[in-house]
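Notes for the structure review
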Amino acid sequence: MVNSSACVAWRLFHLNWIPIAAMGGVLLFGVILCGFSFEPVAALIPTAIATALAAIVYLHAYAKGDRADPKLIFSLGAISQLFFVVIIMGPLTYVTGVANWPLQDDALLAIDRAMGMDPQAIARYVNDHDWLSGLLLRGYGLIKIMLLAVPVALTLTLRWVRLQVFVFAFSIALIITVAISTFVPAIGTWYGLNIAPSQFASLDSSLYTAQLRDILALREGSLRHLEMFKLTGIVSFPSFHAASAVLYMWALWPVRFVGGLAAALNLLMIAATPVIGAHYMIDVFGGVALAAISILLGKYFLDAAAPSSATAQAGQRPTTLVPVLDQGGRQG
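This report concerns the structure included in the present document. Remember, it's a predicted structure, so these values are computed and weren't measured experimentally. In every chain, residue numbers begin from 1 and rise along the written sequence. Where totals are concerned, whole chains, interfaces and linings use all residues; where local detail is concerned, this predicted model gives features only for residues with pLDDT of at least 70, and gives and counts side-chain atom pairs only at 80 or more. Only hydrogens and water are set aside when side-chain values are computed; all heavy atoms of the structure are taken into account.

**What to know about unusual backbone geometry**
What is expected of a backbone is that most residues other than glycine have negative phi and most peptide bonds are trans. Counted only if it meets this: Each helix is a run of DSSP H or I of at least 4 residues and each strand a run of E of at least 2, with the numbering of both proceeding from the N terminus.
At the junction of F237 and P238, the peptide bond is cis and its omega measures out at -10° in the coordinates. A positive phi angle, near 55°, is found at A278, a position not held by glycine. In this fold, A278 is placed in the loop between α13 (259-276) and α14 (281-305).

**Section: helix α6 (residues 119-127)**
Spelled out, the test is: Burial status follows relative accessibility: with a 1.4 Å probe on protein chains alone, a residue under 20% of its type maximum counts as buried, one over 50% as exposed, and anything between as partly exposed. Here the arc refers to the directions that run from the helix axis out to each C-beta atom. Contacts were defined at the residue level, with two residues in contact if any of their heavy atoms lie within 4.5 Å.
Of the residues making up α6, those classed as buried are P119, A123, V126 and N127. Around the axis of α6, the buried residues are gathered within 100° of arc, so they sit on the same side. Those residues of α6 that are buried lie in contact with α5 (105-114), α7 (130-140), α10 (189-193) and α13.

**Let's talk about the layout of surface pockets**
Our working rule: Of the grid points, spaced at 1 Å and generated over the protein atoms alone, those admitting a 1.4 Å probe that cannot get out make up cavities, while open sets with protein on both sides within 12 Å along at least five of seven lines make up pockets; any residue with an atom within 4 Å of a point is treated as lining. Grid points are joined across faces, edges and corners, and a volume is the space filled by probe spheres set on the points. Throughout this entry, Asp, Glu, Lys and Arg are counted as charged residues, while Ala, Val, Leu, Ile, Met, Phe, Trp, Tyr, Cys and Pro are counted as nonpolar. The remaining residues, Gly among them, count as polar.
Here the largest pocket is characterised by a volume of approximately 1,300 Å³. Lining the largest pocket are 37 residues, with V86, K144, L231, T232 and G233 positioned closest to its centre. In the lining of the largest pocket, the residues fall into 24 nonpolar, 11 polar and two charged. There is about 220 Å³ of room inside the second largest pocket. Around the second largest pocket, the lining residues are G24, L27, L28, V31, F38, A43, T47, F84, I87, I88, P91 and M228. Counting only elements with at least two residues in the lining of the second largest pocket, the list comes to α2 (17-34), α3 (40-64) and α4 (70-97). Its residues assigned to classes, the lining of the second largest pocket shows 10 nonpolar, two polar and no charged.

**A word on the environment of F200**
Here F200 is to be found in the loop between α10 and α11 (206-220). Separated by 73 residues in sequence, F200 and N127 place their C-alpha atoms 5.8 Å apart. The contact partners of F200, leaving out residues within four places of it in the chain, are Q120, A123, R124, N127, W190 and I195.

**Overview of the nonpolar core**
Stated formally: In these notes, a set of buried Ala, Val, Leu, Ile, Met, Phe, Trp, Tyr and Cys residues joined through side-chain atoms within 4.5 Å is what counts as a nonpolar core.
Core analysis: the largest hydrophobic core is formed by 104 residues, its most contacted members being F166, F170 and Y248. Broken down by element, this core gets its largest block of residues, 13 residues, from helix α9 (residues 160-183). In contact with F170, other than residues within four places in its own chain, are L82, V85, L147, F240, S244, L247 and Y248.

Shown next, in the form of C-alpha cells:
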C-alpha cells in the first residue's frame, strides 16, 4: 500500500453513499405517498451529471488500480456526492413541507426579541446603506461557489480524508435540517413581522417572495409538480446557509492562503442570512450549532471507519481496490 490516507479516504468515500442512498429512499417514498411529480428534463440533467461523475470515478479506479490518480478520484467523487445530496434534499424539503405542522414564525420572532434582536431594525439599517445590501446579496450567493471550491481545494492539497469527512458532515447537516424544519416550519421575518418587503426598496426580496409562494402553495395543496431549477429554499429553522458557512470554514481552515479568505467570505454569508434570506437570528444560531454537531459526528464517523482500514495503516495491501499514487498525501 503506497498511501494510507488515500486508503482511508477511499473507504470513507464508499461509506458516504449510505446517507445519500437513505435520503434518496425517503424522497422516493415521499413522492409516491404525497403524489408529487417532476418536470423530467430538469430532474434528469443534474442527475445525469452527478451519475456521470461517479461513473468516471469508479471506471478510472478499477481500470488503473494502484496507478489511479487520487486527485481526479476524490475531486470528482466528492462533487458527484455533493450534487446528489443537493438534488435529493431540494425536493425533499418540499415533500416534507406537506406535513402542514403549524407555522412557528411567531415563536421564532419572540425568541429573537427576547434576545434583544429586532429583524425590522436590522433590515432598515441595511436598506439605508446601499453598499451593504449589495455586499450581503453577493455574500448570500456564495453557498454554491463554496460547494465546488471545497472539493477542489482539499483535493489539490491532498486532504482527501478531510474532504470525505466534510461530505459526510454536509449530508448529515442537511438531513437534520430537513427533519427539524418539518416540525418547526416557518416562512421568514417579513411574514412574522406582517410587513411587505417592498418597504425596503434596496433589499432583494426575490428569495423570500419565492419561499412565501411555494410554502403557501404546498400547504394548500396546489403545488405538487416540481421543477428542479425553480426550487427555492423553504427551510427557515435551522438556517442551512449558516450551517454550510461553518462547514465550509472548518473544511478549508487548514489550507494555507485559503483558510483565512474562506473564513471571511463565509462570515459574510452568515451576516447576509438574516437579511437576504429573511431568516430569524435564532435560525442562524441554530444553523451554527447544527454545523458544530455535524462536524463532531463527522469526526466520530472517521474514528469508527478508520480502524477497519488497519491494513492500510500497517502498510499492507488492502483487500479492496484503493487508488494511490502520491507518496505525500496528508490526512485531514
